Amino acid sequence: KSKHEYFPIDQMLDMERGFLFDVNRKDFLDVMKYNTSLINSRDKKPVILHSFNGELYSYICTGKYKSFDELETKNNSMPENMYIGFNPHYLVDAFSVIDSDEPHIVGLSNKAPFIIEGNEYTVLTLPVSLCNTMSECERIFDEYMKKVA
């Protein structure tokens, strides 16, 4: 056994908290499961989360399908100019094991991990880079928000 730490998990869990929101675990999990059903397991398509007017939205686009959902949250302080992407399979895994009906989601930036805090468990989920798709994300969200406004 190695006595060296592979990943500084304690440091990651104690990171500065830039934003937080509480989410309904079952509803969030249902949306992420639906999103994973749109892609095959080898596909690298991220689900993109974005906050607008205090509401949280998720978006995924595959070659054939698009899904845009409003997610019910409480205490949402995620900045409106932030787009953050995740592998939806990882979010399904995290929300399948978290032991709270309304876990706290904490983050710092779109490059920092989400910390999903339950009653007994805390799950750290790393985001994916959106650098090649940011302008497309902004355009898609703007189009959708104009439709619902």
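Our subject in this report is the structure included herewith. All values reported here derive from a predicted model rather than from experimental measurement.

## Let's talk about the pairing of strand β9 (residues 122-125)
- Alternating positions in β9 separate cleanly, V123 and T125 being buried on one face and T122 and L124 remaining unburied on the opposite face.
- With 4 bridges joining them, strand β8 (residues 114-117) and β9 adopt antiparallel strand pairing. Across the sheet, F114 pairs through a bridge with T125, a residue of β9.
- The loop that links β8 with its antiparallel partner β9 comprises 4 residues.

## Re the pairing of strand β4 (residues 66-71)
- In terms of strand pairing, strand β3 (residues 55-61) meets β4 through 6 bridges, oriented antiparallel. Residue pairing in the sheet places L56 in a bridge with L71 of β4.

## A closer look at the nonpolar core
- In this structure, F21, F28, L49, F95 and F114 are the most contacted members of the largest nonpolar core, which totals 24 residues.
- Put simply, the parts of the chain that give this core at least two residues each are β1 (19-23), α2 (25-37), β2 (47-52), β6 (83-86), α3 (88-97) and β8.
- Of all hydrophobic cores here, the second largest spans 10 residues; its members include Y57, Y59, L130 and F141.

## Here we look at the sheet that holds strand β5 (residues 73-74)
- Pairing is antiparallel across the open sheet formed by 5 strands, whose spatial order is β5-β1-β7-β8-β9. Since the sheet does not close on itself, it has two edges, and those belong to β5 and β9, each with one partner.
- Pairing of β1 with β5 involves 2 bridges; the strand directions are antiparallel. Paired with V23 across the bridge in β5 is T73.

## Let's talk about empty space enclosed by the protein
- Considering all chains together, one arrives at 1 cavity of 30 Å³ or more under this definition.
- Counted as a void, the largest cavity has a volume near 40 Å³.
- D22, V23, N24, E72, T73, K74 and E102 together form the lining of the largest cavity.
- By residue class, the composition of the lining of the largest cavity is 1 nonpolar, 2 polar and 4 charged.

## Re unusual backbone geometry
- Even without being a glycine, N53 presents a positive backbone phi close to 50°.
- Checked against the element boundaries, N53 lands in the loop between β2 and β3.

## Some remarks on the side chain of S100
- Note that S100 resides in the loop between α3 and β7 (104-107).
- A polar contact is formed between the side chain of S100 and the backbone nitrogen of E102, at a distance of 3.2 Å.
- When neighbours within four sequence positions are excluded, S100 is seen to be in contact with R25, G118 and N119.

About the thresholds
- Residues numbered from 1 in each chain as written.
- Predicted model: local features only at pLDDT ≥ 70, side-chain atom pairs only at ≥ 80, totals over all residues.
- Heavy atoms only, no water.
- Buried < 20%, exposed > 50% of the residue type's maximum accessible area, 1.4 Å probe, protein only.
- Helix = DSSP H or I, 4+ residues; strand = E, 2+ residues; numbered from the N terminus.
- Pairing = 2+ DSSP bridges.
- Core = buried A, V, L, I, M, F, W, Y, C linked by side-chain atoms within 4.5 Å.
- 1 Å grid on protein atoms, 1.4 Å probe; cavity = no way out; pocket = protein on both sides within 12 Å on 5 of 7 lines; lining within 4 Å.
- Points joined across faces, edges and corners; volume = space filled by probe spheres on them.
- Nonpolar A, V, L, I, M, F, W, Y, C, P; charged D, E, K, R; others polar.
- Polar contact = N/O pair within 3.5 Å; in protein donor to acceptor, adjacent residues only side chain to side chain.
- Contact = heavy atoms within 4.5 Å.

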